[in-house]
Amino acid sequence: MGVTSVVKIKADQGAEDGLEELVALARMIAYARQVSQDVKLPFATNCLDLALEAVKQEVGEGLTRELAELSSPVPQVSVRSH
């Protein structure tokens, strides 16, 4: 195994760790959104809907099935800067 192979393995592991962190963040946001909805905080619920959609877009198409349970009523919009 050469140096480039080691670097690639570490980069792949870092990307996978980042993806796992984004999925965990999406779950936390979904939980906070549900709590804000339960205690009738509509502004907070809307803000958390937007945050959840932004994280789901960052995760990308790869984990849409895993994040399907974390759906919110916000339509998909692009949050990337141009």
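Each chain has its residues counted from 1, running along the sequence as written. At least 70 in pLDDT is required for a residue's local features to be given in this predicted model, at least 80 for side-chain atom pairs to be given and counted, and no such filter applies to totals for whole chains, interfaces and linings, which use all residues. As a rule here, side-chain values cover all heavy atoms of the structure and leave hydrogens and water aside.

Caption draft 1: Representation of the overall build of the protein within the structure. Looking only at helices and strands, the protein features two helices and zero strands. Note on classification: 1.4 Å probe, protein chains only; a residue is buried when its accessible area is under 20% of the maximum for its type, exposed when over 50%, partly exposed between these limits. When the 82 residues of the protein are sorted by exposure, 22% land in the buried category. Taking the intrachain contacts of the protein between residues at least 6 apart in sequence as the baseline, contacts between residues at least 24 apart amount to 45%. Computed by Shrake-Rupley with a 1.4 Å probe, the accessible areas treat only the displayed protein chains as cover when residues are assessed. Counting every atom, the protein has about 6,100 Å² of accessible surface; 61% of that belongs to carbon and sulfur. A run of H or I in DSSP counts as a helix once it spans at least four residues, and a run of E counts as a strand once it spans at least two, with each numbered from the N terminus. In this analysis, two residues are considered to be in contact whenever any of their non-hydrogen atoms come within 4.5 Å of each other.

Caption draft 2: The nonpolar core, seen in detail. Residues Ala26, Ile29, Ala30, Leu52, Val55 and Val59 constitute the largest nonpolar core, which totals six residues. If you list the elements that add at least two residues to this core, you get helix 1 (3-38) and helix 2 (42-59). Nine residue types can take part in a nonpolar core, namely buried Ala, Val, Leu, Ile, Met, Phe, Trp, Tyr and Cys, and a core is a set of them joined through side-chain atoms within 4.5 Å.

Caption draft 3: Focus on a negative patch on the surface. Where like charges cluster on the molecular surface, the negative patch consists of Glu16, Asp17, Glu20 and Glu21. By the element assignment, Glu20 lies in helix 1. Distance thresholds for patches are 9 Å for like charges and 5 Å for nonpolar side chains (Val, Leu, Ile, Met, Phe, Trp, Tyr), applied to residues having over 30% relative accessible area and no salt bridge. The working definition used for a salt bridge is a side-chain nitrogen of Lys or Arg within 4 Å of a carboxyl oxygen of Asp or Glu. Asp and Glu count as negative and Lys and Arg as positive, but His and the ends of the chain are not part of the count. Here the site of a charge means NZ on Lys, CZ on Arg, CG on Asp, or CD on Glu.

Caption draft 4: Looking closely at unusual backbone geometry. In this structure, Lys40 is a non-glycine residue whose phi angle is positive, near 60°. Mapped onto the secondary structure, Lys40 falls in the loop between helix 1 and helix 2. A relative accessible area of 68% means that Lys40 is categorised as exposed.

Caption draft 5: Representation of helix 2 in the model. Working rule for helices: expected span equals 1.5 Å times residues minus one. The end-to-end C-alpha distance of helix 2, which contains 18 residues, comes to 26 Å, matching closely the 26 Å that a straight helix rising 1.5 Å per residue would cover. Of the residues flanking the end of helix 2, it is Gly60, one or two places downstream, whose phi is positive at about 90°.

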